[in-house]
Amino acid sequence: MYYKHVQIENLQVGVRKMSIGNTLKKYFSNHAETAEAHFDPALRTHYYKTTKEKALAILENYFGNHGTYEVNAISQEHGEISVNRTKGKKVFIVATVIMVRPFHTAIDFSVTTESIMPFDLGYSTKVIAQLYEKVNTELPLIDDKYRRA
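Only a predicted model underlies this, so the values are computations on that prediction, with no experimental measurement involved.

What counts as what
Residues numbered from 1 in each chain as written. Predicted model: local features only at pLDDT ≥ 70, side-chain atom pairs only at ≥ 80, totals over all residues. Heavy atoms only, no water. Buried < 20%, exposed > 50% of the residue type's maximum accessible area, 1.4 Å probe, protein only. Helix = DSSP H or I, 4+ residues; strand = E, 2+ residues; numbered from the N terminus. Pairing = 2+ DSSP bridges. Core = buried A, V, L, I, M, F, W, Y, C linked by side-chain atoms within 4.5 Å. Contact = heavy atoms within 4.5 Å. Salt bridge = Lys/Arg side-chain N within 4 Å of Asp/Glu carboxyl O. Phe/Tyr/Trp six-rings, centres within 6.5 Å; stacked < 30°, edge-to-face > 60°. Lys NZ or Arg CZ within 6 Å of the ring centre and 35° of its normal. Expected span 1.5 Å × (residues − 1). Arc of directions from axis to C-beta.

A.B. asks: Tell me about unusual backbone geometry, and name the residues and values.
C.D. replies: Phi at Phe103 is positive, roughly 55°, even though this residue is not glycine. The exposure class of Phe103 is exposed, given its relative accessible area of 51%. The phi dihedral of Leu121 is positive, around 55°, even though this residue is not glycine. Locating Leu121 in the fold gives a position in the loop between β6 (104–113) and α4 (123–138).

Take a look at the structure:
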């Protein structure tokens, strides 16, 4: 009886598990994107204690001042920035910023790596991890346990 109770408490509703198929897709694809209930914890949506405008400004500043990125378009209205990386591996990035409620803003990334092969061996996932690492230094991250509070 106690075991069943603990088992139910530890289930995460809506989060998919990482299966062999999902692992293969991660490495044998040239695209990765974040989602609320992603099977890979590194690719789950990050939430920050900030406004949509400030988050967009930080992303715009980062991509604009970084020598390897070229900003294609910025839509303040839709909260999106599209970027190409011009040096190193060619990468196309779309960053989406959504204000869920006051001072509770979600940032998602969609990354596609351009290559001769139809896969990038997880490079797109690494780019997303690097982008989140940079944003985490600039904005206060909301911990997972407080997301729905």
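That covers the picture; the talk isn't over yet.
A.B. asks: Would you mind going over the pairing of strand β4 (residues 80–85) in detail, with residue names and values included?
C.D. replies: Relative to β4, strand β3 (residues 69–75) runs antiparallel, the two being bridged by six bridges. Bridged to Glu70 within β4 is Asn84. Hairpin connection from β3 to β4: four residues lie between these consecutive antiparallel strands, with Gly79 at a positive phi of about 70°. By the bridge criterion, six bridges tie β4 to strand β5 (residues 91–101) in an arrangement that is antiparallel.

A.B. asks: Please set out the nonpolar core residue by residue, giving values where relevant.
C.D. replies: The biggest cluster of nonpolar side chains holds 26 residues, and the ones touching the most others in it are Leu59, Phe63, Ile93, Ile107, Phe109 and Leu131. Elements represented by at least two residues in this core include exactly α3 (52–65), β4, β5, β6 and α4. Among residues more than four places away in sequence, those in contact with Leu59 are Ile81, Ala95, Val97, Ile107, Phe109 and Val135.

A.B. asks: Which residues make up the pattern of salt bridges, and what values go with them?
C.D. replies: Under the defined criterion, the tally for this structure stands at one salt bridge. Here Lys134 makes a salt bridge to Glu138, at a shortest N to O gap of 3.3 Å. Here Lys134 and its partner Glu138 are both found in helix α4, four residues apart, which amounts to about one turn of the helix. The class for Lys134 is partly exposed, based on a relative accessible area of 30%. The class for Glu138 is partly exposed, based on a relative accessible area of 41%.

A.B. asks: For the packing of aromatic side chains, give the residues involved together with the corresponding values.
C.D. replies: Throughout the structure, instances matching the rule amount to four aromatic pairs. Ring centres of Phe109 and Tyr132 lie 5.1 Å apart, and the angle between their planes is 70°; on these two criteria the pair is classed as edge-to-face. Separated by 23 residues along the polypeptide, Phe109 in strand β6 and Tyr132 in helix α4 bring together distant segments of the chain. A single burial state applies to Phe109 and to Tyr132, both of which are buried. Among the aromatic residues, those joined into a cluster by ring pairs are Tyr62, Phe63 and Tyr69. The residue whose ring lies beneath Lys89 is Tyr123, and the NZ or CZ to ring-centre distance is 4.4 Å.

A.B. asks: If you had to explain α3 to someone new, which residues and values would you point to?
C.D. replies: In this model, α3 (14 residues) spans 20 Å end to end at C-alpha, consistent with the 20 Å of a helix rising 1.5 Å per residue. Within α3, burial applies to Lys52, Ala55, Leu56, Ile58, Leu59, Tyr62 and Phe63. One side of α3 carries all its buried residues, which in axial view fall inside an arc of 160°. More than 90 degrees from the buried face of α3, the exposed residues found are Glu53, Gly64 and Asn65.

A.B. asks: With reference to specific residues and values, describe the pairing of β5.
C.D. replies: Between β4 and β5, which follow one another and run antiparallel, lie five residues, and Gly88 among them has a positive phi close to 80°. In textbook terms, the turn of a hairpin is the stretch between consecutive antiparallel strands, and for β5 and β6 this stretch comprises two residues, one of which, Phe103, has a positive phi near 55°.

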